[in-house]
Amino acid sequence: MNSTWLFIPGDKKKFLEKVNELQADVIIFDLEDSVVPKDKKKAREMVEAALRQTKPGSRNFVRVNDIHSPFFIDDISTLAGTAPDGIVIPKVNTQDEMMIADFLLRNYEKANNLAIGSISIVPLIETGKGIMNVVDIAKSTKRVEALAFGAEDYMLDVSIPKDEGNALLYARSILVTASSAADIAPPIDSVYTDFNDPEGLKTASLRSRGFGFQGRLVIHPKQLETINEIFAPTDYEIEEARKIVEAYETSFNDGDGALQVNGKMIDAPIAERAKKILKM
Ligand code: COA
Ligand code: MG
């Protein structure tokens, strides 16, 4: 699981040059909305070069253009040769689109002597259709590592004028539930666009974690520290989890499946959740 998935616009030379200094869990080289159509080809070449120079052990994804765009095929045929860890596909609406992407990746993997299935996919769910088909999309191919949520495009697509609290609650929750139903990792939440508002980012990220997301998409390096901190369990949470697991195991062995720790009832799912925190 990864907390920070940082976008770098594919045509920004200055940003690309410093890629190896960034403390993000995953870098996403963007070829979609941060690159204007006339620069798509140039960006593709720049990202191809950047991918060949990433440091060992780093995780690198490319956000290609959507499958209905005139750029999609060139994006993936060019970039498959550099063996990225995965691709982010924007505006995924259906399982069929995923099958097409899977088929093409398989061919490019073969052509480049890469292991079949080595390039994973993170579908970006950001349309009403994508939300309604989300379980099928999540289950469509073994390549799906996790789903990601694109709040800005989603609001545009379904005509939500402004996110005032609960408007995106259903979309966020269904992404988390669909990921579990498809046996994949928890999803990745949308970007927080106001990168000069650390308090707002903190509040929004605590909410994302509370929903069950594994982390979030990031647009600016100065957002990384806050997000990394929020998605890691706190010392208090770890200590509490340890107490719960120990008390539950002792009680279970003594024949009691429910007990209390610090005045709260503990049973199997609560003990399992505490184990998950310790595993993190
Ligand atoms: N990746 C890598 N480096 C980045 C970065 C990013 N996404 N955003 C900013 N930086 C670097 C800049 O190069 C600069 O480095 P320097 O101090 O060595 O010169 C430093 O961080 C400060 O940048 P700043 O001046 O605050 O930002 P900006 O005005 O140059 O850029 C954005 C602001 C929003 C345009 C920029 O952060 C960006 O392009 N983010 C990604 C956008 C994107 O990919 N959108 C599509 C997905 S939603
Ligand atoms: Mg988008």
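Residues numbered from 1 in each chain as written. Chains lettered and ligands numbered in written order. Predicted model: local features only at pLDDT ≥ 70, side-chain atom pairs only at ≥ 80, totals over all residues. Heavy atoms only, no water.

Engineer: What is the right way to read the coordination of the magnesium ion (ligand 2) from this model?
Structural biologist: The expected angle between donors at a tetrahedral four-coordinate metal is 109.5 degrees. At an octahedral six-coordinate metal it is 90 or 180 degrees. Taken together, the protein ligands of the magnesium ion (ligand 2) are Glu126 (OE) and Asp153 (OD), with distances of 1.9 to 2.5 Å. Note that glutamate 126 is positioned in the loop between strand S5 (120-125) and helix H5 (128-132) and aspartate 153 in helix H7 (residues 151-158), a separation of 27 residues in sequence. (Donors = N, O, S within 2.8 Å, 3.2 Å for Na, K, Ca; no water. Helix = DSSP H or I, 4+ residues; strand = E, 2+ residues; numbered from the N terminus.)

Engineer: How should I be thinking about the pattern of salt bridges in this particular structure?
Structural biologist: If charged atoms from side chains of opposite charge come close, those side chains can pair. All chains considered together, the criterion is met by 19 salt bridges. Arginine 143 is the partner of aspartate 102 in a salt bridge, and the nearest nitrogen-oxygen pair spans 2.6 Å. With a gap of 41 residues between them, aspartate 102 in helix H4 (residues 95-111) and arginine 143 in the loop between helix H6 (134-139) and strand S6 (148-149) connect regions that are remote in the sequence. Each member of the pair, aspartate 102 as well as arginine 143, carries the same accessibility label: buried. A cluster of three or more residues bridged by salt bridges with shared partners is formed by Asp30, Glu32, Asp33, Arg63, Lys91 and Asp153. (Salt bridge = Lys/Arg side-chain N within 4 Å of Asp/Glu carboxyl O. Buried < 20%, exposed > 50% of the residue type's maximum accessible area, 1.4 Å probe, protein only.)

Engineer: Just checking my understanding: could you explain the UniProt feature "domain: HpcH/HpaI aldolase/citrate lyase" (unreviewed entry) in the protein chain for this structure?
Structural biologist: UniProt annotation of "domain: HpcH/HpaI aldolase/citrate lyase" (unreviewed entry) refers to residues 5-221 when read in the numbering used here. Annotated as 41% helix and 15% strand, the span residues 5-221 places its first and last C-alpha atoms 10 Å apart. (UniProt positions renumbered as here; feature names shortened; annotations may be inferred.)

Engineer: Please clarify how the side chain of threonine 4 should be interpreted in this entry.
Structural biologist: By the element assignment, threonine 4 lies in strand S1 (residues 4-9). Here the side chain of threonine 4 touches aspartate 25 through a polar contact of 3.0 Å, landing on its backbone nitrogen. In terms of polar contacts, threonine 4 uses its side chain to reach the side chain of asparagine 228, at 3.3 Å. Threonine 4 has contacts with Gln23, Ala24, Asp25, Val26, Arg216, Val218, Leu224, Ile227 and Asn228, leaving out every residue within four places of it along the chain. (Polar contact = N/O pair within 3.5 Å; in protein donor to acceptor, adjacent residues only side chain to side chain. Contact = heavy atoms within 4.5 Å.)

Engineer: Help me out: how do you make sense of the pairing of S1 in this one?
Structural biologist: Sheet faces and side chains relate simply in a regular strand, where the side chains alternate between the two faces. In terms of burial, S1 is a largely internal element, six of the six residues being buried. What you see with S1 is no split at all: Thr4, Leu6 and Ile8 on one side and Trp5, Phe7 and Pro9 on the other are buried throughout. Pairing of S1 with strand S2 (residues 26-30), which is carried by five bridges, proceeds in the parallel orientation. Bridged to proline 9 within S2 is aspartate 30. (Pairing = 2+ DSSP bridges.)

Engineer: Looking at this structure, how should I read the domain arrangement of the protein chain?
Structural biologist: Assigned domains of the protein chain: these are domain 1 (4-231) and domain 2 (235-279). Placing the centre of domain 1 and that of domain 2 at their C-alpha centroids yields a distance of 35 Å. (Domains from an automatic or database assignment.)

Engineer: Mind showing me how you'd approach the pairing of strand S3 (residues 59-63) here?
Structural biologist: With four of five residues buried, S3 is to be regarded as a mostly interior element. Note that S2 and S3 share five bridges and pair parallel. By the bridge assignment for S3, aspartate 30 is matched with arginine 63. What joins S2 to S3 is helix H2 (residues 40-51), and the crossover it makes is right-handed. Note: S3 against strand S4 (residues 86-89), three bridges, orientation parallel. Bridging across to S4, arginine 63 finds its partner in valine 88. With respect to chirality, the unit in which S3 leads through helix H3 (residues 72-79) into the neighbouring parallel S4 is right-handed. (Right-handed = clockwise from strand over helix to strand, strands pointing away.)

Engineer: Is there a simple way to think about unusual backbone geometry in this case?
Structural biologist: Negative phi is the rule for most residues except glycine; trans is the rule for most peptide bonds. Its identity is not glycine, yet lysine 91 carries a phi of approximately 50°, on the positive side. Turning to its location among the elements, lysine 91 is positioned in the loop between S4 and H4. Judged by its relative accessible area of 22%, lysine 91 is partly exposed. Positive phi, close to 50°, is recorded for asparagine 262, a residue that is not glycine. Tracing the backbone shows asparagine 262 in the loop between strand S9 (259-261) and strand S10 (264-266).

Engineer: Just to check I follow, could you spell out the packing of aromatic side chains for this structure?
Structural biologist: Any pair of aromatic rings gets described here by the distance separating the centres and the angle formed by the planes. A full pass over the atoms with the stated rule returns four aromatic pairs. When the centroid spacing of 5.3 Å and the interplanar angle of 75° are considered together, the rings of tryptophan 5 and phenylalanine 61 count as edge-to-face. Of this pair, tryptophan 5 sits in strand S1 while phenylalanine 61 sits in strand S3, and the two are 56 residues apart along the sequence. The two residues tryptophan 5 and phenylalanine 61 agree in class, both being buried. Seen from their ring centres, phenylalanine 211 and phenylalanine 213 are 6.5 Å apart, and the 70° between their planes marks the pair as edge-to-face. (Phe/Tyr/Trp six-rings, centres within 6.5 Å; stacked < 30°, edge-to-face > 60°.)

Engineer: Just to check I follow, could you spell out the environment of glycine 257 for this structure?
Structural biologist: Assignment of secondary structure puts glycine 257 in the loop between helix H11 (235-253) and S9. Owing to a relative accessible area of 39%, glycine 257 belongs among the partly exposed residues under this scheme. Along the backbone, glycine 257 and alanine 268 are eleven residues apart, and their C-alpha atoms lie at a distance of 7.1 Å.

Engineer: Explain the packing of helix H9 (residues 198-211) against helix H10 (residues 224-231) here, please?
Structural biologist: Relative orientation and spacing of two packed helices are given, respectively, by the angle between their axes and the distance between those axes. Between H9 and H10, the shortest axis-to-axis distance is 9 Å and the interhelical angle comes to 30°. Viewed along their axes, H9 and H10 adopt a mutual orientation that is roughly parallel. The two elements H9 and H10 cross, and the hand of that crossing is right-handed. Between H9, through Pro198, Leu201, Lys202, Ser205, Leu206, Ser208 and Arg209, and H10, the contact on the second element is made entirely by Thr226, Ile227, Ile230 and Phe231. A per-class count over the contact of H9 with H10 returns six nonpolar, three polar and two charged. (Axes fitted to C-alpha atoms, helices over the stretch in contact; angles between N-to-C directions. Parallel < 35°, antiparallel > 145°, perpendicular 65-115°, else oblique. Left-handed = near helix turned anticlockwise from the far one by under 90°. Nonpolar A, V, L, I, M, F, W, Y, C, P; charged D, E, K, R; others polar.)

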